[in-house]
Amino acid sequence: MNYWLVKQEPTSYSWDDFVRESVTAWEGVRNHEARNNLAGMTKGDQVLFYHSGKEKAVVGVAQVSRSAYHDPTADEERWVAVDLKPLKTLGAAVTLEAIKQASSLKDIALVRKSRLSVVPLTSEEFKTVLSMGSSNDKGKGTSRKKSK
């Protein structure tokens, strides 16, 4: 299994929107490196969902439900999409600031390649962020308001 992080501006498409839809095509990526990362995703891979913009925090966990296929929003065959489904909302959002302060995350691609919308993670990075987002891990994240 591989691990990934995808970024999305919550004013365009939030974690709550994603949960309401229950599955989404992750399409519209037009950066070559991010596209290559999408192409590397396989069904069952785990994905952290990151709110970019003002929030700058990991807020949930998703899973690849369909491996890479031609992006229907693209005219050229080289662009791909994957289908993702939400698995769980983190008990506490894991902020970019908290990630930068964690010594075990010093090499995470989220920080090193901050402009990419799709980045790979190691299993240890993934587990560390999950641990930080656990509702039992006080002080490491920001409490999330539950959707109504």
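None of these values were measured; they are calculated from a predicted model.

S.K.: Please clarify how unusual backbone geometry should be interpreted in this entry.
M.R.: Trans peptide bonds make up most of the peptide bonds, and negative phi angles are found at most residues other than glycine. The phi dihedral of Ser22 falls on the positive side, at around 70 degrees, and the residue is not glycine. Its place among the elements puts Ser22 in the loop between α1 (15–21) and β2 (24–26). In this structure Ser22 comes out as partly exposed when scored by relative accessible area, which is 44%. Even without glycine at this site, Lys56 takes up a positive phi of about 45 degrees. When you line up the elements, Lys56 lands in the loop between β3 (46–51) and β4 (57–70). The exposure class of Lys56 is partly exposed, given its relative accessible area of 40%.

S.K.: Help me out: how do you make sense of the environment of Leu84 in this one?
M.R.: Turning to its location among the elements, Leu84 is positioned in strand β5 (residues 80–95). Judged by relative accessible area, Leu84 falls into the buried class, the value being 0%. C-alpha separation for the pair Leu84 and Ser67, spaced 17 residues apart in sequence, amounts to 9.1 Å. What Leu84 contacts, discounting residues up to four positions off in sequence, is Val6, Phe18, Val23, Thr24, Trp26, Val47, Gln63, Val64 and Ser65.

S.K.: Please explain the confidence of the model for the chain as it appears in this structure.
M.R.: Close reading of the predicted structure is inappropriate where its pLDDT is low. Looking at the chain, pLDDT values average 92 and 91% of them are 70 or higher. Contacts of residues 137–148 to residues separated by more than four positions or lying in other chains number 22 contacts, the stretch itself having pLDDT below 50.

The rules we used
Position labels on residues start from 1 in each chain and follow its written sequence. The predicted nature of this model means local features are confined to residues of pLDDT at least 70 and side-chain atom pairs, given and counted, to a pLDDT of 80 or more, with totals for whole chains, interfaces and linings taken over all residues. The basis for the side-chain values is all heavy atoms of the structure; hydrogens and waters are excluded. Put simply, DSSP marks the helices as runs of H or I at least four residues long and the strands as runs of E at least two long, and each gets a number from the N terminus on. Between buried and exposed lies partly exposed: a residue is buried under 20% and exposed over 50% of the maximum accessible area for its type, with that area taken using a 1.4 Å probe on protein chains only. For this analysis, residues touch if any pair of their heavy atoms sits within 4.5 Å. Every residue gets a pLDDT, meaning the predictor's confidence in that residue, from 0 to 100.

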